[in-house]
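In case you want the letters, here they are:
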Amino acid sequence: MNKPCTFYIHLFVVLMFWSCASDRSSQESVSDIQNGEILEEQILVENGLQQIKQWSDYWKEKSPTFNPAAFTLERKETFEELEWPEENPIVSGNPFYPYLLPNPEGKGVVDIYSYKVFVPAEGKPGFQPDSEVIFFKENGMRERLLFIGPSGGFEEAVWVSPDKLLVAGYCEEEEGVSPK
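Described in the following lines is the structure provided in the data block. (Residues numbered from 1 in each chain as written. Predicted model: local features only at pLDDT ≥ 70, side-chain atom pairs only at ≥ 80, totals over all residues. Heavy atoms only, no water.)

## Digging into the overall build of the protein
And step 1. Scanning the protein from terminus to terminus reveals two helices and ten strands.
And step 2. A fraction of 44% describes how many contacts in the protein between residues 6 or more apart in sequence connect residues 24 or more apart.
And step 3. Of the roughly 13200 Å² that the protein leaves accessible, carbon and sulfur atoms contribute 57%. (Helix = DSSP H or I, 4+ residues; strand = E, 2+ residues; numbered from the N terminus. Contact = heavy atoms within 4.5 Å. Areas by Shrake-Rupley, 256 points an atom, 1.4 Å probe, with all protein chains shown as cover.)

## Some thoughts on the packing of aromatic side chains
And step 1. The full count for this structure, using the stated rule, is six aromatic pairs.
And step 2. Where Tyr99 meets Tyr113, the ring centres are 5.8 Å apart and the plane angle is 80°; that geometry is what we call edge-to-face. Here Tyr99 is found in the loop between β1 (83-85) and β2 (101-102), whereas its partner Tyr113 is found in the loop between β3 (108-111) and β4 (117-118), with 14 residues between them in sequence.
And step 3. For Tyr113, a relative accessible area of 23% gives the class partly exposed.
And step 4. In this structure an aromatic cluster arises from ring pairing among Trp55, Tyr58, Trp59 and Phe66. (Phe/Tyr/Trp six-rings, centres within 6.5 Å; stacked < 30°, edge-to-face > 60°. Buried < 20%, exposed > 50% of the residue type's maximum accessible area, 1.4 Å probe, protein only.)

## What about helix α2 (residues 53-62)?
And step 1. When α2 is considered as a whole, its buried residues turn out to be Trp55, Ser56 and Trp59. Considered in projection along α2, the buried side chains sweep an arc of 95° and stay on one side of the axis. For α2, the exposed residues lying more than 90 degrees away from the buried face are Gln54 and Glu61. (Arc of directions from axis to C-beta.)

## Thoughts on the sheet that holds strand β6 (residues 131-137)
And step 1. Strand order in the open sheet made by the five strands is β1-β7-β6-β3-β2, with antiparallel pairing throughout. The open sheet terminates on both sides in strands that have one partner only, identified here as β1 and β2.
And step 2. As defined by bridge partners, β1 adjoins strand β7 (residues 141-148) across three bridges and the pair is classed as antiparallel. For Pro85, the partnering residue across the bridge sits in β7 and is Met141. (Pairing = 2+ DSSP bridges.)

## A word on the pattern of salt bridges
And step 1. All told, the structure shown has nine salt bridges when counted by the stated rule.
And step 2. The shortest N-O distance in the salt bridge between Glu132 and Arg144 comes to 2.7 Å. Highlighted residues: Glu132 in strand β6 and Arg144 in strand β7, separated in sequence by twelve residues.
And step 3. Ionic pairing is found between Glu143 and Lys137, a salt bridge with its closest N-O pair at 3.0 Å. Across the pair, exposure class does not vary: Glu143 and Lys137 are buried alike.
And step 4. Each of Glu86, Glu132, Arg142 and Arg144 takes part in salt bridges that share partners, so that together they form one network. (Salt bridge = Lys/Arg side-chain N within 4 Å of Asp/Glu carboxyl O.)

Given below as structure tokens:
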């Protein structure tokens, strides 16, 4: 009778040890994956900022301490897709047409300016207080990627990969206006 009890105790200890070792290795692989994702994001940001050098140069001129290499990921947000049917109204001949950013794989175009700037039929162009980044998809859908109220704006954007868009702009904070 004592042998089956000892057998089960040994089996339990082995299973506990295996379970703990398995948990550690899965934690290590999750950490490795997260570190790999952070490195990939840093590389994408660096590549993107190199492509919008004019934006970086502007902010360097405004603030000598500005350092594009110091940008870090502040947070990740997951949003529910907000899209609706709407063909892109910005066609050839429209003043915003040259500023559309085509997706590298031809899946549509991004517009970061037309929401902010309004051009009345008569008079001078003006600015809306809010800004948005819109993706006009090739399938006739419009998707809002980003929106910001009067405390900020979007100034530049560049596709850093076929499915990742780097958007640069500014936010007004207590200390003043800062690049984001």
